[in-house]
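# Structure at a glance
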Amino acid sequence: ACTGIENIDEAITLLEQNNWDLVAAINGVIPQENGILQSEYGGETLHGPAYGPTSHSTAASSTPSSSSAFRHVVPSRQIVERQPRMLDFRVEYRDRNVDVVLEDSSAVGDIKHILENELQIPASKMLLKGWKTGDVDDSTVLKTLHLPKNNSLYVLTLDLPPPSSSHSGALQESLNQNFMLIVTHREVQREYNLNFSGSSTIQEVKRNVYDLTSIPVRHQLWEGWPPSATDDSMTLAVSGLTFPCHRLTVGRRSSPVQTREQSEECTDVHMVSDSDGDDFEDATEFGVDDGEMFGVASSALRKSPMMPENAENEGDALLQFTAEFSSRYGDCHPVYFIGSLEAAFQEAFYGKARDRKLLAIYLHHDESVLTNVFCSQMLCAESIVSYLSQNFITWAWDMTKEANRARFLTMCTRHFGSVVAQTIRTQKTDQFPLFLIIMGKRSSNEVLNVIQGNTTVDELMMRLMAAMEIFSAQQQEDIKDEDEREARENVKREQDEAYRISLEADRAKREAQEREMAEQFRLEQIRKEQEEEREAIRLSLEQSLPPEPKEESTESVSKLRIRTPSGEFFERRFLASSKLQVVFDFVASKGYPWEEYKLLGTFPRRDVTQLDPDKSLLEVKLYPQETLFLEAKE
C-alpha cells in the first residue's frame, strides 16, 4: 500500500537487501525527499530516515487507516535535503577486478564509461552482466533497479583481444588486407579461390562455402584452420591465417542426419518466458498441449527425435543429436563432442595439465516444458556458447527415450558412482534439461554442479564461472605437479643420457686400446717373422760362404776391411779369384743385406753394389786390399 509494489518476489527481494528492516526497505523505494514512517502498533512511532544523516521530526498524530498501518508523514519543521546514495560495484573481466563507486542517480552507461578507461575496451563492445533483475540498457538509472550497496558484475566481450597502442595500427592494417582462401571440396576434388577481407569472420567464410558446395555449416568438416581459430566469430585478421594465401579443405560429415530440404521443413520454436518452470505445470489441466500454448502443433515442435533409440554407436547418435539440435534452435549452439563418454573424458581430463578442460554434460528431454526455453534462450546465447567453447568439452545425451535413459544411467553409475546416478534418476521430467559440470581428478571424476532447466542466462553464466574458478585452482596445482614431474624426468633422462654417453666413450676407448694392442701385436709378429727370416737367410749365407783363405796361402788373397754404419769394422780375406757376390754374401751374413745397404769404395769413391757380382775381386780392383764402408740405401 505504501510503495505500490504488488509483486511478492520483488517485495521479498527488497526486504532481503535491507536485512529485513521494513522501514529501511520502504524508505528505499517511496518517492519522497525525507522518508519517515510511523506505526500505530501500541502507540509506538517508527522513524526511518532513508538516506543521509538522521533527521529529527516531531511525531504527528495520525488517523488509523483501514488499508495500512503505515502512512506518509510530512514533517512540519525544515525538510532535510536528501543526500545521494552511493553504490559499490566490483566488476570482473577475465583476470581483472575493477571497483566502481557511483551515485544511485547514475545510469548503467556511466559504469561502462569508467570501465572503458580502466580496461581499454570500447563501451559499445561491452556486455555488462550479473544484474539481479535481468539485462538492462545503458540508459537505465541505477536507482530504479533497487540495488543493494555492494554488487558484483562481470563483463563479456567479443572473443577478440583488446587493441593496444603498440599494435592497434598493425591490427587495423590486417583488417584492411585481403586474404586469398584456396578451398578444396574433398568429395568432388574441386578448388575454389575465394577473396575475403581481414574483417570477415570465419562464420561468413563457412556460409559462403555452403552456397558453393551445398554443405550446411553444421555438416562441414574442415582441415587447415590454424589452431588459434577456435571461434567462428573471429575475424580472419586475428585467426592466424597465412597471408596472402591460405589452403583449406572441406568435406561433409558422414552422419544419419536430415537432408537440407527436411531441415528447412522443421519449424524452430523459441519459447520466450520470464516465468519459472512451475508456471507451466498446470498447462495440461486446461486441455492445452505444450506446443498448442504457442500456436504450434506438437508434431511441428518435434518432427524427429533428438537421438535414435538403442543406438549402437554413441558417435552416430551424437551426430544426429547435433544435426537435430541445429535444425530446431539454429547454428549458434555449443559444439558437442562427437564420440563416446569415455572419449570425452579422455579429451577433457587426460591430456597435459595445461590443455585440460571441464566436462559439461547436457541432458536433453523433449517432454519437459522447460526444454525449448532453456535451449533457445540460454544454451544458444552467444555468451554461453563462447564461454563453453573456450573452457569446456560439451557432451550431450537425450533422456526422452527410456532405453537411452537407462543406458546413460548405466554409464553414470560406472563413471560417477551410484549416488550421482540416483540423483539423476530421481529428477522429474519438468526439472529437465540438466547440465552436469564434471571435473577430472587424479583418482576419480567429481560432479561440481547439477544445473536444472529453470534458470536464467546470468545465473547459468555465474555457475559456469564458479565451476571454472574451482577448476582453475585445481589445474594450477596439476600444472605445478606436472612441471615438477617433467623436471625430475628431464634430470633422469639427462643423467641416463650422460651415463650412456660415458659407457659408449669407455667402450670406444677400450675398443681403441684393444685395436692398438692387436695392431702392435701384429706388427711385433711381423717384425719377429722378418727377423727370423733374415736370421735364417743370414745363417744360410754364412754357411754357404767358402772358407776364409789363410795368410800363407799360395794363391792371390785380397784382404777387405769393411766399416759398418755404427762405426764398427770387420775384416776377412778372400781369394782374388772369388766373385764379388761372395763379398755381398759375407756382408749380408753380418746383417747387412745388399738389398738394404750399399757398399762404397773410398778411393775412388764408387758404389761397389752397382758392379757385376759375377766378376772377380781382381777384376773389380779389390785386390790386394781395400777398405769399404756400408751405407743404408734411401
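This section reports on the structure supplied with the text. The model shown is predicted, which means the values in this text are computed figures rather than measured ones.

Procedures and definitions
Residues numbered from 1 in each chain as written. Predicted model: local features only at pLDDT ≥ 70, side-chain atom pairs only at ≥ 80, totals over all residues. Heavy atoms only, no water. Helix = DSSP H or I, 4+ residues; strand = E, 2+ residues; numbered from the N terminus. Buried < 20%, exposed > 50% of the residue type's maximum accessible area, 1.4 Å probe, protein only. Contact = heavy atoms within 4.5 Å. Areas by Shrake-Rupley, 256 points an atom, 1.4 Å probe, with all protein chains shown as cover. Phe/Tyr/Trp six-rings, centres within 6.5 Å; stacked < 30°, edge-to-face > 60°. Axes fitted to C-alpha atoms, helices over the stretch in contact; angles between N-to-C directions. Parallel < 35°, antiparallel > 145°, perpendicular 65-115°, else oblique. Left-handed = near helix turned anticlockwise from the far one by under 90°. Nonpolar A, V, L, I, M, F, W, Y, C, P; charged D, E, K, R; others polar. Pairing = 2+ DSSP bridges. Core = buried A, V, L, I, M, F, W, Y, C linked by side-chain atoms within 4.5 Å.

## Considerations on the overall build of the chain
In terms of regular secondary structure, the chain is built from 15 helices and 19 strands. In the chain, which comprises 634 residues, the proportion classed as buried is 40%. Within the chain, counting contacts between residues at least 6 apart in sequence, those at least 24 apart form 64% of the total. Surface exposure of the chain reaches about 36300 Å², of which carbon and sulfur atoms provide 48%.

## Re the packing of aromatic side chains
Enumeration according to the criterion identifies 21 aromatic pairs in this entry. Relative to Tyr336, the ring of Phe325 has its centre 5.4 Å away and its plane inclined at 75°; by these criteria the two rings are edge-to-face. Here Tyr336 lies in the loop between helix 8 (314-329) and helix 9 (341-349) and Phe325 lies in helix 8, a separation of 11 residues in the sequence. Residues Phe325 and Tyr336 agree in their burial class; the two are buried. Plain terms: the ring middles of Phe584 and Trp594 are 6.0 Å apart, the flat faces sit at 15° to each other, and that makes the pair stacked. With Phe584 in helix 15 (residues 580-589) and Trp594 in the loop between helix 15 and strand 17 (597-601), this pair connects stretches of sequence that are 10 residues apart. Judged by relative accessible area, Phe584 falls into the buried class, the value being 3%. According to the relative accessible area criterion, Trp594 is partly exposed, its value standing at 35%. What links up through ring pairs into an aromatic cluster is the set Phe321, Phe325, Tyr329, Tyr336, Tyr362, Phe374 and Phe435.

## Some points on the packing of helix 14 (residues 457-544) against helix 15
Taken N-terminus to C-terminus, the directions of helix 14 and helix 15 make an angle of 135°; their axes are 8 Å apart at the nearest point. Taken as axis vectors, helix 14 and helix 15 run oblique relative to one another. Viewed along their axes, helix 14 and helix 15 form a crossing whose handedness is left-handed. Between helix 14 and helix 15, the contacting residues are Arg538, Leu541 and Glu542 on the first element and Asp585, Ala588 and Ser589 on the second. For the contact of helix 14 with helix 15, the residue count by class is 2 nonpolar, 1 polar and 3 charged.

## Structural notes on the sheet that holds strand 8 (residues 190-197)
Pairing in this open sheet of 4 strands is mixed, and the strands run 8-7-10-9 from one edge to the other. Looking at strand neighbours, the two that pair on one side only are strand 8 and strand 9 (220-223), the edges of this open sheet. Here the average twist between neighbouring strands, direction ignored, is 30°. Note: strand 7 (residues 178-185) against strand 8, 8 bridges, orientation antiparallel. From the neighbouring strand, Thr184 faces strand 8, where its bridge partner is Glu191. In this fold helix 5 (residues 202-213) packs onto strand 7, strand 8, strand 9 and strand 10 (245-252), with an angle of close to 145° to the strand it touches most, strand 8.

## Considerations on the sheet that holds strand 4 (residues 96-103)
Paired through their backbone hydrogen bonds, the strands of a sheet run either parallel or antiparallel. Read across the open sheet, the 4 strands follow the order 4-3-6-5; overall the sheet is mixed. In the strand order of this sheet, the two ends are held by strand 4 and strand 5 (127-129), each with one partner. Taken over all neighbouring pairs, the strand axes of this sheet differ in orientation by 30° on average, direction set aside. The pairing of strand 3 (residues 86-93) with strand 6 (residues 150-156) spans 5 bridges and is classified as parallel. Across the sheet, Arg90 pairs through a bridge with Ser152, a residue of strand 6. Against the sheet, helix 3 (residues 108-119) touches strand 3, strand 4, strand 5 and strand 6, its axis set at about 140° to strand 4. Contacts between helix 14 and the sheet are confined to strand 3, strand 5 and strand 6, with strand 6 contributing the most and set at about 85° to the helix.

## Things to note about helix 10 (residues 371-379)
The buried fraction of helix 10 is high, at 8 of 9 residues. If you check which residues of helix 10 are buried, you get Thr371, Asn372, Val373, Phe374, Cys375, Ser376, Met378 and Leu379.

## Considering the nonpolar core
With 62 residues, the main nonpolar core has Leu359 and Trp395 as its most contacted residues. Ranked by the residues each element gives to this core, the list is headed by helix 14, at 7 residues.

## Observations regarding helix 11 (residues 382-391)
Of all the 10 residues making up helix 11, 7 are buried; the element is thus mostly covered by neighbouring parts of the structure. If you check which residues of helix 11 are buried, you get Ser383, Ile384, Val385, Ser386, Tyr387, Leu388 and Asn391. Buried residues along helix 11 sit in contact with strand 6, strand 11 (358-364), helix 10, strand 12 (392-398), strand 13 (434-440) and helix 14.

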